[in-house]
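# Architecture and fold: a report
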Amino acid sequence: MSGEAIESCVKPVPATLFLIVVCLCFSSPLSGQVPKIEQSNRNAEATAIEHPPKLDGTLDDPLWQSAIPVTDFRQREPYEGEPPTEKTEVRILYTHRAVFFGIHCYDSQPSRIIATELRRDVSQELNDHFEILIDSSHDRRDAYVFEINPLGTQADGLIVEEQGSNDDTDTDFDPGWDGVWTSEARITADGWTATVEIPFATLNFTHSSDVLWGINFKRFIRRKNEEDLWRASRRTFGFTKVSEAGELRGIHDIGSGRLFIVKPYGLARYDKQTGQSPLFPQTGGVDIKYGLSSNLLLNLTGNTDFADTEVDLQPFNITPFKVFIPEKRQFFLENAGVFNFALGDQDQLFFSRQIGIDPLTGNQVPVNGGAKLTGKLGRLELGVMDVDTRSSGPNPYSNFSIVRLKESLWPGSYVGFMGIEKQSGNTLDSFNETGGADTRLVFFKNWVVDAHMAGTQSHGNPSGASDLGASLTYRSNWLEGLVERRKTGPNFNPEVGFVERTDSNETRGDLTLKARPKIAGVRELQFEGFLLHAPDTRGAVFSQEWLTSFYAEFNNGGYTDNDIVHPFTQLITTPFHIYKNIFIPNGLYHFTRHQVSYGSREDRRFTYNFTERFGSFYGGRLNELSIQSNYRANAKFSIGTSGTWDRFRLPLPNGNFSVVLASLQGNYSFNRFLTFTSLIQMDTSNTQAASANLRLRYNYRPDSDLYVIYNVGTQFASIAPSNPPQVRETRFAVKWTYFFAP
């Protein structure tokens, strides 16, 4: 049977190659691409001033005219290397304590500028926006990013090892870091302008003379779906390519900007879980950030609380594997990229959601406190973390220690090590140790080699506790390819990591051809062929799938993404809990899925997308219809909906059933500093199907907030490879935080 399955898996691959040949015949891979215009001057100049300019969102202050404007932007999208369709100027000033940016985004049709978001740290992809990249250590690898839209709304984050966000938003930066900075913006008769002040302390910058920073700027024009960069304008580079950034010169004799922040909190809460008596805890704690040097940051936290963390969207798991849910808690998000150790796909050697959240129920586990040291010592990047949790319900007390080291090689390349130790009060699982080494090597800017080896040690010291893998990736404007090999032992058990499946000997291949034909309204066409062959470590069939798909991106931001054919072979060795009292029995299953999806243009107040997946499923049939929509009535009010309707027809008792997941999110911003959000969710796979989260946030001073939160349901979702019963909670909380720098 396994030989037949492998043969059926391999046969369709030539069909993908045929599609690629057809695409090559009707369009040159470089259609629509113009030669890259060389940019010889990589320098920007900052001008010294005695006192700060007026920061009202306009450039009326005469001080701005003393600065030499940065103007040499180039398109990355849609026409690589060409001059932008709209002019952009950036002026840079500095005082003893801060750097200032004056931004003028000219626009020939200012009435069509899109600015609809007032909430801080929310994705600005549906808005016009501008981003500033600062590589303050000039290591050409890591950077701070500051983003602003025409309303002055802020978002910020980090780029680590030239990598942006790990989620599905395609954000240029990891949004986990929050800095203290000020911004204002105005829409004017000839476009929009913005003023930004970034204190040197926010950058933890202490050098006082002959400053040399890496610097880059990006402007996005939503209605044109146009991306303009000052540097790194090749499509294969983009804003995260810190090594291609320009240089900022001219800053001399600045004062110390060492970061030192103390942020206490107070919390009053009503908490009631199903089957338990209500609790009325009143507590407090503190977070501290201290810059030991320009390149080393110490984070301390005591009696850590995550009441203000956004709730998870509840998943319904239709696979026999774990569900990956991104981290949202601030202490773990800050500088999280330093601790990244990828094993393949979404698997991670370190997964911070395993600390302080029960992976089965999603219940919070109280955190006594923790410490985190991140930064650089010369070419060595390091991350050290220690977190202590106390006993709660079925979860015993635990201590988690993590060490991450990376030696920088050439830009984008490193060799690294990670060690993780978990100690627990569970006598049957008193410790778990994980160690690994990895490397990332970039050659000729388009070729990337990733490799890792890791192992675990647990109670009883079982064998087969290793994970070895390597991959080769190629990326150009017209072709992307991946070849990967990975072997995961049956007892590989990183308890503070995330591994979707163990006992796997995996081969993965992915080839995508991208073309830009001269078709009205079409920006890019993609044809993809994907193959996964993952028997267990003894060679028996376990998981196989292959895919041929077609993707089209339109000039207005719309898209269509269609899986032409997507067959699976899957072995079930433990009955798979799919719904209530229904389990898919053990056995080897073959089934085929298809997908049709469409996303609307993104320059309208109302946007939507839908996906229909259909075909056979574990001996029966499954149709999945997913719909998402968003309506932005104005800058203050927006509403979003999402829904998934799964219709099962399985050859089992009571096997004909449907599951509906739906959410309704409303947002109202009184201004940039006072916002109200609500999230109503429904999951018919649970007995108590409805849940709600209401949150009022008042940002009464920089990095200081007052939250009022009401929640019915769960805050954090389970990542278990099944669908466990929901643990219901009713919670009302008032949380106050205050930022000050002693």
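Note on numbering: residues in each chain are counted from 1, in written sequence order. In keeping with the predicted nature of the model, local features appear solely for residues at pLDDT of at least 70, side-chain atom pairs appear and are counted solely at 80 or more, and the whole-chain, interface and lining totals rest on all residues. By convention in this description, side-chain values take in all heavy atoms of the structure and omit both hydrogens and water.

Let us now look at the overall build of the chain. The number of helices and strands found in the chain is 3 helices and 41 strands. Each radius of gyration reported is based on C-alpha atoms, and the globular scaling rule is 2.2 Å times the count of residues to the power 0.38. The C-alpha radius of gyration of the chain comes to 26 Å, within 12% of the 27 Å expected for a compact globule of 742 residues. Once the C-alpha set of the chain is aligned to its principal axes, its extents read approximately 75 × 70 × 50 Å. Counting only residues that meet the buried cut, the chain has 54% of its 742 residues in that class. Note on definitions: a residue-residue contact is assigned when non-hydrogen atoms from the two residues lie within 4.5 Å. Once local pairs closer than 6 in sequence are excluded, the contacts in the chain between residues at least 24 apart make up 60%. When the accessible surface of the chain is summed, it comes to about 30700 Å², and 57% of that surface belongs to carbon and sulfur atoms. Starting at the N terminus, helices and strands are each numbered in turn, a helix being any DSSP run of H or I of at least four residues and a strand any DSSP run of E of at least two. Relative accessibility decides the category of a residue: with a 1.4 Å probe and only protein chains considered, values under 20% of the type maximum give buried, values over 50% give exposed, and everything between is partly exposed. Residue exposure ignores everything except the shown protein chains as possible cover, and the areas themselves are Shrake-Rupley values with a 1.4 Å probe.

The subject of this paragraph is the nonpolar core. In terms of nonpolar packing, the biggest core is built from 38 residues, with Phe101, Phe130, Ile132, Trp213 and Phe217 touching the most fellow members. Counting residues per element, the ones that place at least two in this core are β4 (88-94), β5 (98-106), β6 (129-135), β7 (143-148), β10 (191-199), β11 (211-221) and β13 (246-251). The residues contacting Phe130, other than those within four sequence positions of it, are Phe73, Thr88, Val90, Ile103, Cys105, Phe146, Glu147, Ile148, Trp192, Phe217, Lys218 and Arg219. If you look at the next biggest cluster of nonpolar residues, it comprises 21 residues, including Phe400, Ile420, Ala454 and Val499. Only buried residues count toward a nonpolar core. Its members are Ala, Val, Leu, Ile, Met, Phe, Trp, Tyr and Cys residues joined through side-chain atoms within 4.5 Å.

By this definition, two strands are paired if DSSP reports at least two bridges between them. The strand order across the open sheet formed by 5 strands is β2-β4-β5-β10-β9, and the pairing between neighbours is mixed. Bordering the open sheet on either side are β2 (47-48) and β9 (182-188), each of which pairs with just one other strand. In this sheet, β10 lies alongside β9 in antiparallel orientation, the contact comprising 7 bridges. Counterpart to Ala185 in the pairing with β10 is Ala194.

As for its placement among the helices and strands, Ser463 is situated in the loop between β24 (447-458) and β25 (466-475). A relative accessible area of 60% places Ser463 in the exposed class. Separated by 57 residues in sequence, Ser463 and Ala520 have C-alpha atoms that sit 59 Å apart.

Attention shifts here to the confidence of the model for the chain. Taken as a whole, the chain shows an average pLDDT of 89; of its residues, 93% reach a score of 70 or greater. This stretch, residues 1-40, has a pLDDT under 50; its non-local contacts, to residues over four places away or in other chains, come to 59 contacts. Note: pLDDT gives the predictor's confidence per residue, expressed from 0 to 100.

When strand β35 (residues 620-632) meets strand β36 (residues 637-649), the two strands line up antiparallel, connected through 12 bridges. Note on β36: the bridge partner recorded for Arg621 is Arg649. Taking the residues between adjacent antiparallel strands as the criterion, β35 and β36 are bridged by 4 residues. In this sheet, strand β37 (residues 656-669) lies alongside β36 in antiparallel orientation, the contact comprising 13 bridges. Each residue of the ladder has a partner; that of Arg647, found in β37, is Ser658. Between β36 and β37, which follow one another and run antiparallel, lie 6 residues, and Asn654 among them has a positive phi close to 60 degrees.

On to the pattern of salt bridges. Throughout this description, the term salt bridge denotes a Lys or Arg side-chain nitrogen within 4 Å of a carboxyl oxygen of Asp or Glu. Tallied over the entire structure, the rule returns 58 salt bridges. Ionic pairing is found between Glu89 and Lys87, a salt bridge with its closest N-O pair at 3.1 Å. Of the residues examined, Glu89 reaches a relative accessible area of 9% and is grouped as buried. Residue Arg219 is joined to Asp107 by a salt bridge in which the shortest nitrogen-to-oxygen separation is 3.9 Å. Here the residue Arg219 occupies a position in strand β11, and Asp107 occupies one in the loop between β5 and β6, the gap between them amounting to 112 residues. Judged by relative accessible area, Asp107 falls into the buried class, the value being 5%. Residues joined by salt bridges that share partners form a network here, namely Arg76, Glu131, Asp172, Lys218 and Glu227.

On to the packing of aromatic side chains, then. Stacked, edge-to-face and tilted are the three classes for Phe, Tyr and Trp ring pairs, Trp counted by its six-membered ring, which pair at centre distances within 6.5 Å; planes under 30 degrees apart are stacked, over 60 edge-to-face, the rest tilted. For the structure on display, the rule yields 37 aromatic pairs. Their ring planes at 55 degrees and their centres at 6.5 Å tell us that Phe73 and Phe130 sit as a pair that is tilted. Taken together, the positions of Phe73 in the loop between β2 and β3 (74-77) and Phe130 in strand β6 put the pair 57 residues apart, joining distant regions of the chain. Judged by its relative accessible area of 2%, Phe73 is buried. For the ring pair Tyr738 and Phe740, a centre distance of 6.0 Å and an interplane angle of 40 degrees mean the geometry is tilted. According to the relative accessible area criterion, Phe740 is partly exposed, its value standing at 32%. Through pairs of rings, three or more aromatic residues link up here, namely Phe316, Phe568, Phe576, Tyr579, Tyr589, Phe591, Phe617, Tyr618, Phe648 and Phe657. The aromatic ring of Tyr106 is capped on one face by Lys87, whose charged end is 5.3 Å from the ring centroid. Charges are assigned to positions over rings by a cutoff of 6 Å between ring centre and Lys NZ or Arg CZ, combined with an angular limit of 35 degrees from the ring normal.

Within strand β40 (residues 704-713), 7 of the 10 residues are buried, which leaves it mostly tucked inside the rest of the structure. In this structure, strand β39 (residues 690-701) lies alongside β40, joined through 8 bridges in antiparallel fashion. What sits directly across from Arg701, in β40, is Ser704. Linking β39 to β40, which pair antiparallel, is a turn of 2 residues; within it Asp703 sits at a positive phi near 60 degrees. Bridge analysis of β40 against strand β41 (residues 729-737) gives 8 bridges, and the strand direction is antiparallel. Looking across to β41, one finds that Ile709 is bridged to Ala733.

Position of Glu310 among the secondary structure elements: in the loop between β16 (296-304) and α3 (330-333). Taking the C-alpha atoms as reference, Glu310 lies 8.8 Å from Phe716; in sequence the two are 406 residues apart.

Between Glu77 and the following residue, Pro78, the backbone shows a cis peptide bond with an omega angle of 0 degrees. Even without being a glycine, Lys445 presents a positive backbone phi close to 70 degrees. Tracing the chain through its elements places Lys445 in the loop between β23 (431-443) and β24. One non-glycine residue with positive phi stands out, namely Asp503, at about 50 degrees. Note that Asp503 resides in the loop between β26 (479-488) and β27 (504-515).

Positionally, Asn609 belongs in strand β34 (residues 606-617). A C-alpha to C-alpha distance of 35 Å links Asn609 and Ala470, two positions 139 residues apart in sequence. Contact partners of Asn609, with chain neighbours within four places excluded, come to Tyr559, Tyr598, Gly599, Ser626, Ile627 and Gln628.

Quick look at the side chain of Arg593 now. Within the element layout of this structure, Arg593 appears in strand β33 (residues 587-599). Non-local contacts of Arg593, meaning those with residues more than four positions away in its chain, are made with Val565, His566, Phe568, Arg613, Phe614, Gly615, Ser616, Leu622 and Glu624.

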